[in-house]
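Understanding the architecture of this molecule
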Amino acid sequence: DVYFLQNRGLDVLATSISDETLSEANKLGYIKKFKAINAEKIAENDGSFDFVFCKEAYHHCPRPPVAFYEMLRVSKMGVILIEPQESGLRLLDFFKKIIKRHLRKDSSFYFETSGNYIFRINIKEITKMMMALNLRCFVYNGFNDFFFQAFSFKSSKRFGRAKIMTLVGIAVQNLLCRLNLLDYGLAVVIIFKNDVNEELLSKLSRKGYTI
């Protein structure tokens, strides 16, 4: 993600709990700046960054709300989360859990094989944490992915069986979500610290975001 953003002219600091893989990426020329940071205790001044972008890392934190407030503290404009979403009580959510367990051989829907608890984001909880700080605006958009271990080493560019099955898996989930039979598995959440202009909100709305 840092490589993607850098190539679009943004000044980005790559962070993780350890800098082992980040330093290797830096040596290979993929990222320019990096730092080992604990999201629950970020050693940076208030408002050090325009935005904090957290992709599928928040749910690994043992105290995610602490990390949430820390990310808000060091950002000037807001925080962007892309995370697994807590599913509701749609008709097919229960069956989705069974299918995922069968495909991935997961022993639990709530814990990863490493023993790490999966702290999925909940839009109502995000709302309450924002209201506690008198923050006024956030947007979110649900989406689905599809992961099958046997396909994980296949090329995403080649139009083979793995890519077809992955696209079909996502398409079926999307259809069921639109029919309100299933909840989206993940969500993009953008929390704004300041007032947002109507033009930006209009663009986000056209992209499918709920304001």
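Everything discussed here concerns the structure shown above.
To start, this report covers the structure provided alongside it. (Residues numbered from 1 in each chain as written. Predicted model: local features only at pLDDT ≥ 70, side-chain atom pairs only at ≥ 80, totals over all residues. Heavy atoms only, no water.)

Some thoughts on the packing of aromatic side chains
Geometrically, a pair of aromatic rings is defined through the distance of the ring centres and the angle of the planes. A complete count under the given rule lists five aromatic pairs for this structure. Ring plane angle 85° and centroid distance 6.4 Å describe the contact between Y58 and F119, whose orientation is recorded as edge-to-face. Of this pair, Y58 sits in the loop between β3 (49-55) and α3 (64-74) while F119 sits in the loop between α4 (93-104) and α5 (123-131), and the two are 61 residues apart along the sequence. Owing to a relative accessible area of 2%, Y58 belongs among the buried residues under this scheme. A cation over a ring is seen here: R8 above F4, with NZ or CZ 3.7 Å from the ring centre. (Phe/Tyr/Trp six-rings, centres within 6.5 Å; stacked < 30°, edge-to-face > 60°. Helix = DSSP H or I, 4+ residues; strand = E, 2+ residues; numbered from the N terminus. Buried < 20%, exposed > 50% of the residue type's maximum accessible area, 1.4 Å probe, protein only. Lys NZ or Arg CZ within 6 Å of the ring centre and 35° of its normal.)

Observations concerning the environment of N7
Note on placement: N7 falls in the loop between α1 (2-6) and β1 (13-16). Spatially, the C-alpha atom of N7 lies 9.9 Å from that of I31, the residues being 24 residues apart in sequence.

Brief notes about the nonpolar core
Y58, F68, M71, L81, I126, V189 and I191 are the most contacted members of the largest nonpolar core, which totals 23 residues. With five residues, the top contributor of residues to this core is α3. Discounting chain neighbours no more than four positions away, the residues touching Y58 are P64, P65, F68, M71, L81, E83, F119, I121 and M129. Listed in part, the ten residues of the second largest apolar core include C137, V139, L204 and Y209. (Core = buried A, V, L, I, M, F, W, Y, C linked by side-chain atoms within 4.5 Å. Contact = heavy atoms within 4.5 Å.)

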